[in-house]
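Remarks on the overall topology
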Amino acid sequence: MFCRRLWLKPGTGFWTASQQGAHNLASFHQASLLPQRKLRGLLFPFSELEPHLACSVDRGHFQLFQPSVEDITKAEKLFSPSSSHKIDYHTSAVRMEHAPSQNQPEVCFIGRSNVGKSSLIRALFSLAPDVEIRVSKTPGHTKKMNFFKVGKAFTMVDMPGYGYRAPKDFVEMVEHYLGSRKNLVRTFLLVDGSVGLQEADMIALEMCEEFSRPYVIVVTKIDKCRQGVLLTNLLQLQDAITQTVRCFPQPFLVSSLHFSGIYLLRCFIAHVTGSIQLGDTCRS
Ligand SMILES: Nc1nc2c(ncn2[C@@H]2O[C@H](COP(=O)(O)OP(=O)(O)OP(=O)(O)O)[C@@H](O)[C@H]2O)c(=O)[nH]1
Ligand SMILES: [Mg+2]
């Protein structure tokens, strides 16, 4: 089965800089103090690069997800804990029987080992610094499905990676989860922007298509490579996306190190989980 191939596939590990220093941009308010051009790049990294990608998204059927500042601010409130809105690690599971109840919408993050899943969740939760999320430069670090609750609004799930050093029960866990989880509203499939689509990513795309549930590509580590390399990798990705049925046409570009794309992704998650109503200017 396709996941078993993913599990056996050798991958590559990528050594990166530490995440220290990123937290000064954790909140949109702090980012909004930046000069306009820098702020736009931080908020909408894909829209900024898109003019260089000829015909990247078919605008006949689709409008870019580009929320207003008000929508982004609304979403950010959801990612800020308070006494009545707790954001916390909930539980871990290696089998579906141990997964928590399905009483609120859920989103999950999948991708090759070391692609940056846990780092992305940590960046999304940077306004809740008490939530402990372990990241490591050693691939295969996350071994279980880790569930994090965002109040009563939704749950986010950090998955073990496929490829090099994937846990041996990866197929049991992730495949069963994707196939059976009723409250799963979106799967985020992470692809390393600095290396582009790998064979294992193509197999993961196929897997998501087979499960026939809505999913979104997140392009990680965009701080790590030159813009030309990133554009080449994005073109290749766009080609692959046009051949899918269930994939959201717009990839979300992020750097968990520099916080690019994090505010937009928070807003998208808040939107797809039904936790906020967007203003009229932004529908997807
Ligand atoms: N430069 C850069 N490095 C990153 C970024 N995101 C993650 N990393 C680094 O990539 C390595 C792997 O990050 P993790 O978040 O642990 O990756 P993962 O996908 O959760 O890995 P597994 O749990 O092993 O599947 C760490 O050394 C991170 O610091 C990023 O946006 N930019
Ligand atoms: Mg991890």
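Cut-off values and rules
- Residues numbered from 1 in each chain as written.
- Chains lettered and ligands numbered in written order.
- Predicted model: local features only at pLDDT ≥ 70, side-chain atom pairs only at ≥ 80, totals over all residues.
- Heavy atoms only, no water.
- Donors = N, O, S within 2.8 Å, 3.2 Å for Na, K, Ca; no water.
- Helix = DSSP H or I, 4+ residues; strand = E, 2+ residues; numbered from the N terminus.
- Buried < 20%, exposed > 50% of the residue type's maximum accessible area, 1.4 Å probe, protein only.
- Pairing = 2+ DSSP bridges.
- Contact = heavy atoms within 4.5 Å.
- Axes fitted to C-alpha atoms, helices over the stretch in contact; angles between N-to-C directions.
- Parallel < 35°, antiparallel > 145°, perpendicular 65-115°, else oblique.
- Nonpolar A, V, L, I, M, F, W, Y, C, P; charged D, E, K, R; others polar.
- Lys, Arg positive; Asp, Glu negative; His and termini not counted.
- Salt bridge = Lys/Arg side-chain N within 4 Å of Asp/Glu carboxyl O.
- Polar contact = N/O pair within 3.5 Å; in protein donor to acceptor, adjacent residues only side chain to side chain.
- UniProt positions renumbered as here; feature names shortened; annotations may be inferred.

Here we come to the coordination of the magnesium ion (ligand 2). Bound to the magnesium ion (ligand 2) on the protein side are S118 (OG) and T142 (OG1), at distances that span 2.0 to 2.2 Å. With S118 in helix α6 (residues 117-124) and T142 in the loop between α6 and β3 (145-150), this pair connects stretches of sequence that are 24 residues apart. Note on T142: relative accessible area 11%, which makes it buried.

In this fold, V245 is placed in the loop between α9 (227-242) and β7 (252-253). Judged by relative accessible area, V245 falls into the exposed class, the value being 68%.

With that out of the way, let us pick up the sheet that holds β7. Judged by pairing direction, the sheet is mixed, and its seven strands sit side by side in the order β1-β3-β4-β2-β5-β6-β7 without closing on themselves. On the outer flanks of this sheet lie β1 (87-93) and β7, each paired with one strand and no other. Where strand β2 (residues 106-111) and strand β4 (residues 154-158) come together, four bridges link them in parallel fashion. Along β4, the bridge assignment pairs C108 with V157. Packed on one face of the sheet, helix α8 (residues 199-211) meets β2, β5 (184-192) and β6 (215-220) and runs near 165° to β5.

As a further point, take the packing of α6 against helix α10 (residues 262-272). Put simply, α6 and α10 touch, their axes get as near as 10 Å, and they point 85° apart. Classed by the angle they form, the pair α6 and α10 counts as roughly perpendicular. Residues L120, A123 and L124 of α6 pack against I262, L265, R266 and I269 of α10. Split by residue class, the contact of α6 with α10 holds six nonpolar, no polar and one charged.

A few words now on the side chain of R213. Mapped onto the elements of the fold, R213 is located in the loop between α8 and β6. Of the side chains with opposite charge, E106 lies nearest to the buried R213, which makes no salt bridge, at 8.5 Å. Within polar-contact distance, the side chain of R213 engages the backbone oxygen of R181 at 2.5 Å.

Attention now goes to the pattern of salt bridges. The final tally for this structure, using the stated rule, is eight salt bridges. Across the salt bridge formed by E97 and R95, the nearest N and O atoms sit 2.9 Å from each other. Of the residues examined, R95 reaches a relative accessible area of 46% and is grouped as partly exposed. Close ionic contact of R134 with E132 constitutes a salt bridge, the shortest N to O distance being 3.0 Å. Judged by relative accessible area, R134 falls into the exposed class, the value being 58%.

The feature "domain: EngB-type G" (unreviewed entry), as annotated in UniProt, sits at residues 103-275 in this numbering. Here residues 103-275 runs as 34% helix and 20% strand, with 14 Å between its end C-alpha atoms.

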